[in-house]
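Tertiary structure, described
Here are the chains, one letter per residue:
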Amino acid sequence: MGYLYACLATLNYGCGNIVCEVYNRKVGKVNSFCYTMMVSIVVTLFYLCYGKFGFTFDETTTLFGALYAVCYFVCTVALLKALKIGYVSLTSLIFSYSLILPALFGIFAYSTSPSVAFYFGLAVFAVSLFFLGKKKTSEEEKGFSVKWLIFTLAAFFANGGCSILQTHQQRLCSGNYKREFMVTAMALVFVFCLIITLFSAKKTKTK
C-alpha cells in the first residue's frame with residue numbers, strides 16, 4: 001500500500017506541474033501569488049466542508065500548520081517561477097524527487113531502515129538526470145540560469161519540508177488533527193498571498 005501511495009503522490013506532483021505550466025502558458029504576465037491564493041482557498045474550503053466546520057486545534061498542530069504554510073507558499077511560488085524561466089522536464093523531475101527528503105528524514109530522525117525501493121529510487125534519479133543532460137530539446141533555448149536553479153532547489157526543499165512537517169505532526173499528535181492541520185496551513189497561505197497581491201496591486205497603481 002505504501003508503494004501505491006508513493007506512486008500516486010508522484011503522479012499528483014506531475015499533474016501539478018502540468019497545471020502550473022499550462023497556467024504559465026495561458027497567462028501573459030504570471031502572478032504566482034494570485035495562483036497560489038486561488039489554490040489555497042479551494043483547499044481550505046474543501047477541508048472546512050470535509051470537517052463539517054467542526055474543529056479542535058492544539059498548539060502543536062497550529063505551529064506545524066504555520067510552518068507547513070511557509071513551505072507550501074515557497075514551494076508553489078518557486079515552482080511557478082522555475083517552470084516559467086527554465087527547463088520544464090528537468091524542473092518537474094527534480095521536483096518530483098523531493099519525496100526523497102522525507103525518506104532521508106525518517107532514516108535519521110526515526111531510525112528507520114532504508115528499503116530496497118529507496119536505493120532503487122536513488123539509482124533511477126541519477127540515471128534520469130544523466131539522460132536528461134544528454135537529450136537535446138527546444139527547452140535549451142531558455143538556457144541554464146542561476147535564477148532557475150535557485151527557484152528549482154527552493155521548490156524541491158520546500159516541498160520536501162511539507163512532507164516532513166506533515167509526517168512529524170502526525171507522529172506527535174498520534175494521527176489526530178489532520179483536517180485542522182491543513183485548514184491552518186492553507187488559510188495562512190491564503191492570507192500571505194492576499195497581502196502580497198494587494199500590496200503589489202497598490203504599488204502598481206501608485207506608479
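We now turn to the structure provided with this report. Values in this document were obtained by computation on a predicted structure and should not be read as measured data.

1. Overview of unusual backbone geometry
One non-glycine residue with positive phi stands out, namely Ser 174, at about 55 degrees. Within the secondary structure, Ser 174 is located in the loop between helix H7 (146-172) and helix H8 (178-206). On the accessibility criterion, Ser 174 (63% relative accessible area) is exposed. Phi at Tyr 177 is positive, roughly 60 degrees, even though this residue is not glycine. You can see Tyr 177 is positioned in the loop between H7 and H8. The partly exposed category is assigned to Tyr 177, whose relative accessible area is 26%.

2. With respect to the packing of helix H2 (residues 32-50) against helix H3 (residues 59-85)
Remark: H2 packs on H3, axes separated minimally by 9 Å, with the N-to-C direction vectors making an angle of 130 degrees. Considering the angle they form, H2 stands oblique to H3. Regarding H2 and H3, the two cross each other, and that crossing is right-handed. Of H3, the residues touching H2 (which contributes Ser 32, Phe 33, Tyr 35, Thr 36 and Val 39) are Tyr 72, Phe 73, Thr 76, Val 77, Leu 80 and Lys 81. Per-class residue counts for the contact of H2 with H3 are 7 nonpolar, 3 polar and 1 charged.

3. Quick look at the side chain of Thr 36
Residue placement: Thr 36 occurs in helix H2. Excluding anything up to four places from it in sequence, Thr 36 contacts Tyr 72, Thr 76, Val 77, Val 189 and Cys 193.

4. Things to note about the nonpolar core
Tyr 68, Tyr 72, Met 186 and Val 189 are the most contacted members of the largest nonpolar core, which totals 16 residues. At 7 residues, H3 tops the list of elements feeding residues into this core. Residue contacts for Met 186: discarding those within four places in its chain leaves Ser 40, Val 43, Thr 44, Tyr 68 and Tyr 72.

5. Details of the environment of Lys 81
Its location among the elements puts Lys 81 in helix H3. By relative accessible area, Lys 81 is classed as partly exposed at 31%. Residues Lys 81 and Thr 152, spaced 71 residues apart in sequence, show a C-alpha to C-alpha distance of 8.3 Å. The residues contacting Lys 81, other than those within four sequence positions of it, are Ser 32 and Phe 151.

6. Comments concerning the packing of H3 against H7
At a minimum axis distance of 7 Å, the contact between H3 and H7 shows a crossing angle of 155 degrees. Classed by the angle they form, the pair H3 and H7 counts as roughly antiparallel. With respect to the hand of their crossing, H3 and H7 are arranged in left-handed fashion.

7. A closer look at the environment of Ile 150
Here Ile 150 lies in helix H7. As for Ile 150 and Ala 78, which are separated by 72 residues in sequence, their C-alpha atoms are 8.4 Å apart.

8. A short note on H2
Along an α-helix, residues three or four apart share an orientation, since each turn contains 3.6 residues. Helix length check: H2 (19 residues) gives 27 Å between terminal C-alpha atoms against 27 Å at 1.5 Å per residue, within 8%. When H2 is considered as a whole, its buried residues turn out to be Ser 32, Tyr 35, Thr 36, Met 37, Ser 40, Thr 44 and Leu 48. Lys 52 occupies a position one or two residues after H2 and carries a positive phi of about 55 degrees.

Rules and cut-offs
Residues numbered from 1 in each chain as written. Predicted model: local features only at pLDDT ≥ 70, side-chain atom pairs only at ≥ 80, totals over all residues. Heavy atoms only, no water. Helix = DSSP H or I, 4+ residues; strand = E, 2+ residues; numbered from the N terminus. Buried < 20%, exposed > 50% of the residue type's maximum accessible area, 1.4 Å probe, protein only. Axes fitted to C-alpha atoms, helices over the stretch in contact; angles between N-to-C directions. Parallel < 35°, antiparallel > 145°, perpendicular 65-115°, else oblique. Left-handed = near helix turned anticlockwise from the far one by under 90°. Contact = heavy atoms within 4.5 Å. Nonpolar A, V, L, I, M, F, W, Y, C, P; charged D, E, K, R; others polar. Core = buried A, V, L, I, M, F, W, Y, C linked by side-chain atoms within 4.5 Å. Expected span 1.5 Å × (residues − 1).

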